[in-house]
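# Understanding the architecture of this molecule
Letter by letter, the chains look like this.
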Amino acid sequence: MDFQKSTIFNLPNSLTLFRLLLAIIFFIFLSYHCYALSLLSFLAASLTDWLDGYVARKKGLLTDFGRIADPFVDKIIVCGGFILLIKHGYENIPPWMVLVIVAREFFVSSIRSYSEARGIEFGATLWGKAKMFVQALTISLMLLFSAYLKHVGSIKNIIIVLLWLTVIITVVSGIKYMIKASPALLER
């Protein structure tokens, strides 16, 4: 196989695959309470998420593989991050919040697949991008708190507010995607 000419291994898709590797590294560091390294790997993954989309659009390197893999990897790192952070003594994260976040991700993936199977394009919306930004911000602040700011009590209150904002934006973006997919969902 000629990797130079392969669309699967173009720069944006390679960045997406690298982000999957960073997600695994993030999970390992988080599992062993290495919060500073967890934060570093999570921030690197977040940067590659932005970068792969930018390069794909700017250079016209959009592929079917990237359209499927990019949101999949996003869901892995965000859902896994929230799930593992519950385990690390975050009594501020009610498990129902994480369940809402994970359920929304499964739901949107399902309606995306259903819509695209019917020939209806199902790209990211502004609400979806806002959701990803707030989720990444919330996870980053939680990791920053665990690594360096445990002595700053007011950060816990900010984290609680961000968690609620995350859940609200996650639910609203899910509703927006459902509305976007309604033509496909209402077809026979």
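Each remark here, short or long, concerns the structure printed above.
Before going into details, it helps to say that this report is about the structure given with it. Just so you know, these numbers come straight off a predicted model, no measurement behind them.

### Topic: the overall build of the chain
A count of helical and extended segments in the chain gives six helices and zero strands. Walking the chain from its N terminus toward its C terminus, one meets helices and strands in the order α-α-α-α-α-α. Whereas a compact globule of 188 residues would reach a radius of gyration of roughly 16 Å, the chain reaches 17 Å, a difference of no more than 12%. For the chain, the C-alpha atoms occupy an extent of roughly 50 × 45 × 25 Å along the three principal directions. A fraction of 79% describes how many contacts in the chain between residues 6 or more apart in sequence connect residues 24 or more apart. Accessible area of the chain: about 10400 Å², with a carbon and sulfur share of 72%. Between the averaged position of the 18 positive side-chain charges in the chain and that of its 11 negative side-chain charges there is a distance of 4 Å.

### Concerning unusual backbone geometry
With a phi angle near 60 degrees, His-33 is a residue other than glycine that sits in the positive phi range. Residue class for His-33 comes out partly exposed when judged on its relative accessible area of 47%.

### Re the nonpolar core
Among the nonpolar cores identified, the biggest contains 32 residues, and Phe-26, Phe-82, Ile-139 and Leu-143 are the most heavily contacted of them. Elements represented by at least two residues in this core include exactly helix H1 (11-31), helix H2 (35-59), helix H3 (64-87), helix H4 (95-117), helix H5 (126-148) and helix H6 (154-186). At seven residues, H5 tops the list of elements feeding residues into this core. Core analysis: the next-biggest nonpolar cluster, separate from the first, contains five residues, Val-108, Phe-122, Tyr-177 and Ala-181 among them.

### Remarks on the packing of H3 against H4
Their axes nearest at 9 Å, the elements H3 and H4 cross at an angle of 165 degrees. By the criterion of interaxial angle, the relationship of H3 to H4 is roughly antiparallel. For H3 against H4, the interelement crossing comes out left-handed. Residues Arg-67, Pro-71, Lys-75, Val-78, Cys-79, Phe-82, Ile-83 and Ile-86 of H3 lie in contact with H4, whose contacting residues are Pro-95, Val-98, Ile-101, Val-102, Arg-104, Glu-105, Ser-109, Arg-112 and Glu-116. Its residues assigned to classes, the contact of H3 with H4 shows 10 nonpolar, one polar and six charged.

### Digging into the packing of H5 against H6
Where H5 meets H6, the closest approach of the two axes is 9 Å, and the angle between their N-to-C directions is 160 degrees. Considering their axes alone, H5 and H6 lie roughly antiparallel with respect to each other. Considering the relative orientation of H5 and H6, their crossing is left-handed. Looking at the contact of H5 with H6 residue by residue, the class counts come to 16 nonpolar, six polar and three charged.

### Overview of the pattern of salt bridges
What the rule picks out here adds up to seven salt bridges. Beyond isolated ion pairs, a larger network of salt bridges with shared partners links Arg-19, Asp-49, Asp-52, Asp-70 and Asp-74.

### Here's the deal with the side chain of Ser-173
Note on placement: Ser-173 falls in helix H6. With a relative accessible area of 0%, Ser-173 lands in the buried category.

### Concerning a nonpolar patch on the surface
There is a patch of nonpolar side chains on the surface, built from Ile-8, Phe-9, Leu-17 and Phe-65 and spanning about 290 Å² of accessible area. Relative accessible area serves as the criterion here: at 34%, Ile-8 is assigned to the partly exposed category.

### Comments concerning the environment of Phe-72
Structurally, Phe-72 can be placed in helix H3. C-alpha separation for the pair Phe-72 and Lys-87, spaced 15 residues apart in sequence, amounts to 23 Å.

About the criteria used
- Residues numbered from 1 in each chain as written.
- Predicted model: local features only at pLDDT ≥ 70, side-chain atom pairs only at ≥ 80, totals over all residues.
- Heavy atoms only, no water.
- Helix = DSSP H or I, 4+ residues; strand = E, 2+ residues; numbered from the N terminus.
- Rg over C-alpha atoms; globule rule 2.2 N^0.38 Å.
- Contact = heavy atoms within 4.5 Å.
- Areas by Shrake-Rupley, 256 points an atom, 1.4 Å probe, with all protein chains shown as cover.
- Lys, Arg positive; Asp, Glu negative; His and termini not counted.
- Charge placed at Lys NZ, Arg CZ, Asp CG, Glu CD.
- Buried < 20%, exposed > 50% of the residue type's maximum accessible area, 1.4 Å probe, protein only.
- Core = buried A, V, L, I, M, F, W, Y, C linked by side-chain atoms within 4.5 Å.
- Axes fitted to C-alpha atoms, helices over the stretch in contact; angles between N-to-C directions.
- Parallel < 35°, antiparallel > 145°, perpendicular 65-115°, else oblique.
- Left-handed = near helix turned anticlockwise from the far one by under 90°.
- Nonpolar A, V, L, I, M, F, W, Y, C, P; charged D, E, K, R; others polar.
- Salt bridge = Lys/Arg side-chain N within 4 Å of Asp/Glu carboxyl O.
- Patch = residues over 30% accessible without salt bridge, like charges linked within 9 Å, V, L, I, M, F, W, Y side chains within 5 Å.

Geometric values such as these leave the question of function open.
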